[in-house]
Amino acid sequence: MKKVNVLYYLLLLALWPGVIVLTGMGLKLSRLFLLLPLLYVCWCIFSQNIIYALKKKGQLKENFDVSVTSEAEWSTFWFDRTHGELAMLCTFHPFRIQYIPVKKIWDVSVRVDRDPKAPELAALIACTFDIDGKKYRCVMFSKGRFSGFRMDGLAGVILKQATELTEEILACRRRLLG
């Protein structure tokens, strides 16, 4: 499970000097080349969100029956109960949907951290996946800087989604492995 595509971000960083050189050479032809660095910066800022949105609306692989869908802060999960497979799309790795067979998922758990000042508010809801002995934590919800959300409101809905996803994965794992 790869949550960040480091190669893409290194490539973006490495292209910056080329954009500057190209802009300098292009200014001799037209002032429109001043837009090139602006377009490059806009691409760097918005490309991952655009690609993520397009990929999320796109087609999952053939014969993938979505049983449960769960939205996290930086990821989207789809679970196929029939074939025992979890599909994941991360914001920082938006170029491909990753498919993980349930047999590789050893354990899944949901963690809820409540706000110490107000126990009725959730500060963090996270799912921890143990895939082939390596733990991956996916934040489903975090409160941000100021205040959390009520457990009987938005945080409760997110917790219900996360719990449903983990229960489905664990039930499927028990069914497949006996």
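Placed above this text is the structure.
Residues numbered from 1 in each chain as written. Predicted model: local features only at pLDDT ≥ 70, side-chain atom pairs only at ≥ 80, totals over all residues. Heavy atoms only, no water.

> Would you explain the packing of helix 1 (residues 6–26) against helix 2 (residues 35–57) in this entry?
Helices that pack against each other are described as a pair by the angle of their axes relative to one another and the distance between those axes. Taken N-terminus to C-terminus, the directions of helix 1 and helix 2 make an angle of 170°; their axes are 9 Å apart at the nearest point. Between helix 1 and helix 2, the interaxial angle falls into the category roughly antiparallel. For the pair helix 1 and helix 2, the crossing hand works out as right-handed. Here Y8, Y9, L12, L13, L15, W16, V19, L22 and T23 of helix 1 lie close against helix 2, whose contacting residues are L36, P37, Y40, V41, W43, C44, S47 and Q48. Broken down by class, the residue content of the contact of helix 1 with helix 2 amounts to 14 nonpolar, three polar and no charged. (Axes fitted to C-alpha atoms, helices over the stretch in contact; angles between N-to-C directions. Helix = DSSP H or I, 4+ residues; strand = E, 2+ residues; numbered from the N terminus. Parallel < 35°, antiparallel > 145°, perpendicular 65-115°, else oblique. Left-handed = near helix turned anticlockwise from the far one by under 90°. Contact = heavy atoms within 4.5 Å. Nonpolar A, V, L, I, M, F, W, Y, C, P; charged D, E, K, R; others polar.)

> What is the right way to read helix 1 from this model?
Within an α-helix, residues lying three or four positions from one another point in the same direction, as the helix has 3.6 residues per turn. Compared with the 30 Å implied by 1.5 Å per residue over 21 residues, the 30 Å span of helix 1 between its first and last C-alpha is a close match. Bending of helix 1 peaks at approximately 30° at the position of W16, with proline P17 no more than four residues after it. Here helix 1 has its buried residues at Y8, L12, V19, T23 and G26. Buried-residue contacts for helix 1 involve helix 2 and strand 4 (93–101). (Expected span 1.5 Å × (residues − 1). Bend = angle between axes of the 7 residues up to and from the residue. Buried < 20%, exposed > 50% of the residue type's maximum accessible area, 1.4 Å probe, protein only.)

> Just to check I follow, could you spell out the pattern of salt bridges for this structure?
Side chains that carry opposite charge are capable of pairing whenever their charged atoms lie near each other. Scanning the model with the defined rule gives five salt bridges in all. A salt bridge links K61 to E85, with the shortest nitrogen-to-oxygen separation between them at 3.0 Å. Of the two residues, K61 is situated in the loop between helix 2 and strand 1 (68–71) and E85 in strand 3 (residues 85–90); the sequence distance between them amounts to 24 residues. When its relative accessible area of 36% is taken as the criterion, K61 is described as partly exposed. Overall, E85 belongs to the buried group, its relative accessible area being 13%. Among the salt bridges present, the one from K135 reaches D130, with a minimum N-O distance of 3.9 Å. (Salt bridge = Lys/Arg side-chain N within 4 Å of Asp/Glu carboxyl O.)

> Is there a simple way to explain unusual backbone geometry in this structure?
Keep in mind that most residues, glycine aside, have a negative phi and that most peptide bonds are trans. One non-glycine residue, N63, adopts positive backbone phi at about 65°. Here N63 falls in the exposed class, since its relative accessible area comes to 57%. The backbone of D132 sits at a positive phi, close to 50°, despite the residue not being glycine. Tracing the backbone through its elements, the reader meets D132 in the loop between strand 6 (121–131) and strand 7 (134–142). Judged by relative accessible area, D132 falls into the partly exposed class, the value being 45%.

> Looking at this structure, I do not really get the side chain of D80. What am I missing?
Here D80 lies in strand 2 (residues 75–80). K61 provides the closest opposite charge to the buried, unpaired D80, separated from it by 7.4 Å. A distance of 3.4 Å separates a polar atom in the side chain of D80 from the backbone nitrogen of D65. Reaching out from D80, the side chain makes a polar contact with the backbone nitrogen of T82 at a distance of 3.0 Å. (Lys, Arg positive; Asp, Glu negative; His and termini not counted. Polar contact = N/O pair within 3.5 Å; in protein donor to acceptor, adjacent residues only side chain to side chain.)

> I would appreciate a short explanation of a nonpolar patch on the surface in the present structure.
Together, W16, I20, V41, I45, F46, I50 and L54 make up a nonpolar patch on the protein surface, roughly 650 Å² of accessible area in all. Counting residues per element, the ones that place at least two in the nonpolar patch are helix 1 and helix 2. Among the elements that line the nonpolar patch, the one with the most residues is helix 2, at five residues. Locating I20 in the fold gives a position in helix 1. You can call I20 partly exposed: its relative accessible area is 40%. (Patch = residues over 30% accessible without salt bridge, like charges linked within 9 Å, V, L, I, M, F, W, Y side chains within 5 Å. Areas by Shrake-Rupley, 256 points an atom, 1.4 Å probe, with all protein chains shown as cover.)

> How should I be thinking about the sheet that holds strand 1 in this particular structure?
Think of a sheet as strands paired side by side through backbone hydrogen bonds, with each pair either parallel or antiparallel. On the basis of which strands lie adjacent, the open sheet formed by four strands has the order 1-2-3-4 and antiparallel pairing. The open sheet has two edge strands with one neighbour each: strand 1 and strand 4. Going across the sheet, the axis of each strand differs from the next one's by a mean of 15°, ignoring polarity. Here five bridges tie strand 3 to strand 4, and the two strands are oriented antiparallel to one another. (Pairing = 2+ DSSP bridges.)

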